[in-house]
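Here is what each chain is made of, one letter per residue.
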Amino acid sequence: MDDALFTVSPFLVPIVGILAIFAFATIRTLLRARVRELEIRERIVMIEKGLVPPPEVDPRGFDRAMDRVDRLHDYRRGPGRHRRAGVTLMGVGFGLMVLIAFTSSETSVAIGVGGFLVVMGIAFFINSLMESPDPYASRSFGSSAPPSFGSNVAPPSPPDPPRRD
């Protein structure tokens, strides 16, 4: 009789887990909204007092801006990415050649299947050699260096107004 009181359905644990996840997500969203509202109010008070809020006051906005800058300078999209993909495909192709040749002793099948991937890897590698190494080289910035937002170069000063003596 005591065993009947403590019998728990095996479906109870996943159901409670799913409900806990939904409750956690809801509470987290509400707390983030409240924090964001307080950040906005603080920013408005600073602007009303005539102060310019630093970027650290809006850390998410600052992070979004920095992410945009980082995406501009993302060199993973350049020729190095194709070179790495080509070398990886060539390695996988040669590996398949060896695997199929030793397991089935069919060298023509091994060369056919692995050779296809090797040829694709060579194509990626050649593609990396054809791309320009600098993503900013085709643009007319005056130099091949990417534009920087924190450079030490001062902007040109406006011309002096005409003298009225």
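The rules behind each value
- Residues numbered from 1 in each chain as written.
- Predicted model: local features only at pLDDT ≥ 70, side-chain atom pairs only at ≥ 80, totals over all residues.
- Heavy atoms only, no water.
- Helix = DSSP H or I, 4+ residues; strand = E, 2+ residues; numbered from the N terminus.
- Buried < 20%, exposed > 50% of the residue type's maximum accessible area, 1.4 Å probe, protein only.
- Contact = heavy atoms within 4.5 Å.
- pLDDT = per-residue confidence, 0-100.
- Salt bridge = Lys/Arg side-chain N within 4 Å of Asp/Glu carboxyl O.
- Expected span 1.5 Å × (residues − 1).
- Bend = angle between axes of the 7 residues up to and from the residue.
- Axes fitted to C-alpha atoms, helices over the stretch in contact; angles between N-to-C directions.
- Parallel < 35°, antiparallel > 145°, perpendicular 65-115°, else oblique.
- Nonpolar A, V, L, I, M, F, W, Y, C, P; charged D, E, K, R; others polar.
- Patch = residues over 30% accessible without salt bridge, like charges linked within 9 Å, V, L, I, M, F, W, Y side chains within 5 Å.
- Areas by Shrake-Rupley, 256 points an atom, 1.4 Å probe, with all protein chains shown as cover.

Student: Is there a simple way to think about the overall build of the protein chain in this case?
Tutor: The helix and strand inventory of the protein chain stands at five helices and zero strands. Its helices and strands taken in sequence order, the protein chain reads α-α-α-α-α from the N to the C terminus. Buried residues in the protein chain amount to 16% of all 165 residues. In the protein chain, the share of contacts with a sequence separation of at least 24, taken over all contacts with a separation of at least 6, comes to 54%.

Student: Hey, could you run me through the confidence of the model for the protein chain in this one?
Tutor: Low-pLDDT portions of the prediction should not be read for the details of their coordinates. In the predicted model, the protein chain carries a mean pLDDT of 76, and the fraction of residues at 70 or more is 69%. Per-element confidence in the protein chain ranges from a low mean pLDDT of 58 for helix α1 (residues 2–5) to a high of 91 for helix α2 (residues 12–48). Low pLDDT, under 50, characterises residues 137–145; the stretch is placed with five contacts to residues that sit more than four places away or in other chains.

Student: How do you make sense of the pattern of salt bridges when you look at a structure like this?
Tutor: Should their charged atoms come close, side chains of opposite charge can pair. Scanning the entire structure with this criterion turns up three salt bridges. Ionic pairing is found between glutamate 37 and arginine 41, a salt bridge with its closest N-O pair at 2.8 Å. With glutamate 37 and arginine 41 both in helix α2 and four residues apart, the pair spans about one turn of that helix. Salt bridges sharing common partners tie together Arg34, Glu37 and Arg41.

Student: What's the story with helix α5 (residues 107–130) in this structure? I'm lost.
Tutor: For an α-helix, the turn length of 3.6 residues means that residues three or four places apart are oriented alike. When the terminal C-alpha atoms of α5 are compared, their 33 Å separation across 24 residues agrees well with the 34 Å that a helix rising 1.5 Å per residue should span. The sharpest bend along α5 reaches about 30 degrees and sits at glycine 115. Where α5 is buried, its residues touch α4 (79–104).

Student: Would you take a moment to explain the packing of α4 against α5 for this structure?
Tutor: For any two helices packed against each other, one specifies the crossing angle of their axes together with the interaxial distance. Across the interface, α4 lies against α5 with an axial gap of 7 Å and an inter-helix angle of 170 degrees. Our classification of the angle between α4 and α5 gives roughly antiparallel. Looking at the contact of α4 with α5 residue by residue, the class counts come to 21 nonpolar, eight polar and one charged.

Student: Would you take a moment to explain the environment of leucine 129 for this structure?
Tutor: On the secondary structure map, leucine 129 appears in helix α5. For the pair leucine 129 and arginine 83, spaced 46 residues apart in the sequence, the C-alpha separation amounts to 8.0 Å.

Student: Explain unusual backbone geometry to me, please; I cannot follow it from the model alone.
Tutor: The bulk of non-glycine residues show a negative phi, and the bulk of peptide bonds are trans. Its identity is not glycine, yet serine 105 carries a phi of approximately 50 degrees, on the positive side. Within the secondary structure layout, serine 105 lies in the loop between α4 and α5.

Student: Help me out: how do you make sense of α4 in this one?
Tutor: Along its 26 residues, α4 runs 37 Å from first to last C-alpha, staying within 8% of the 38 Å computed at 1.5 Å per residue. Within the sequence span of α4, burial applies to Pro79, Gly80, His82, Gly86, Met90, Gly93, Met97 and Ile100. Buried-residue contacts for α4 involve α5. Phi for serine 105, located one or two positions after α4, is positive at around 50 degrees.

Student: What's the story with a nonpolar patch on the surface in this structure? I'm lost.
Tutor: Taken together, the side chains of Val8, Leu12 and Val16 present a nonpolar region at the surface, about 260 Å² in accessible area. Looking at the secondary structure, you find valine 8 in the loop between α1 and α2.

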